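# Observations on chain architecture
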Amino acid sequence: MFKHTMKSKLPNATAERFYNFMIAPPPEVYAHWLPKEHHEFHVVKRGKTSPVGDLIYFDQHISPKHRLNFHAVTRIAKKPNHIVFQMRKFGVNLPGYLELKFRDSAEGLLLVETIYVGFGGIGKVLDPFIRVVFNKSFFKAMNEHHKREWANLSEILR
């Protein structure tokens, strides 16, 4: 398994507003969040212990060459500062996770976004195949997108 971590400061956001938005983004607010890059992000089905277990649909371009289009299951939702989504494609949970850790500070919301991709144990032999998609080009584009998307969301959550 490998991980990629990015950090940002959102001066106009708070942990509570950020958490609420990421768990159930209002469509009228989401529509203004990088509309040329972010296409959809909404709850498809509520889990038995919602928001944990919620099925989310997610579609966005992080660059002209890189698109993330999948479902995700909310695995962790600890208000007000920790969310983990697990990628899901074709009804199968994938070995990919997006973790968001965030907290309020005097400068605004401090965000740590980490992507975990790959297998542990014997499944690790498949990681080279995963790196074909999640490669240096992908993570370079992700770094640039990370800066744009969170700066923009900071303004929207003002």
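Now for a quick tour of the structure. (Residues numbered from 1 in each chain as written. Predicted model: local features only at pLDDT ≥ 70, side-chain atom pairs only at ≥ 80, totals over all residues. Heavy atoms only, no water.)

### Some words on the side chain of E113
- With respect to the helices, strands and loops of the structure, E113 is situated in strand β7 (residues 108-117).
- Buried charge E113 goes without a salt bridge, the closest partner of opposite sign being R148 at 11 Å.
- Within the structure, E113 has its side chain in polar contact with the side chain of H146 (distance 2.5 Å).
- Looking at E113, its side chain comes within polar contact range of the side chain of W150, at 2.8 Å.
- Not counting residues up to four positions away in its chain, the partners in contact with E113 are H4, T5, M6, L98, E99, L100, M142, H146, E149 and W150. (Helix = DSSP H or I, 4+ residues; strand = E, 2+ residues; numbered from the N terminus. Buried < 20%, exposed > 50% of the residue type's maximum accessible area, 1.4 Å probe, protein only. Lys, Arg positive; Asp, Glu negative; His and termini not counted. Salt bridge = Lys/Arg side-chain N within 4 Å of Asp/Glu carboxyl O. Polar contact = N/O pair within 3.5 Å; in protein donor to acceptor, adjacent residues only side chain to side chain. Contact = heavy atoms within 4.5 Å.)

### A closer look at the pattern of salt bridges
- Applying the stated criterion to the full structure yields 3 salt bridges.
- Residues D54 and R46 are paired through a salt bridge, measuring 2.9 Å at the closest nitrogen-oxygen approach.
- Of the residues examined, D54 reaches a relative accessible area of 0% and is grouped as buried.
- The class for R46 is partly exposed, based on a relative accessible area of 48%.

### Quick look at empty space enclosed by the protein
- In the structure shown here, the tally under the stated rule is 1 cavity of 30 Å³ or more.
- Roughly 250 Å³ of volume is contained in the largest cavity.
- What lines the largest cavity is a set of 21 residues, and nearest its centre among them are F58, L68, F70, L98 and E113. (1 Å grid on protein atoms, 1.4 Å probe; cavity = no way out; pocket = protein on both sides within 12 Å on 5 of 7 lines; lining within 4 Å. Points joined across faces, edges and corners; volume = space filled by probe spheres on them.)

### Looking at unusual backbone geometry
- Between S50 and P51 the backbone carries a cis peptide bond, its omega angle lying at 10°.
- By the secondary structure assignment, P51 is in the loop between β2 (38-45) and β3 (55-61).
- Cis geometry is found at the peptide bond from K79 to P80, where omega equals 10°.
- Position of P80 relative to the elements: it lies in the loop between β4 (67-78) and β5 (82-89).
- For L34, which is not glycine, the phi dihedral falls at a positive 45°.

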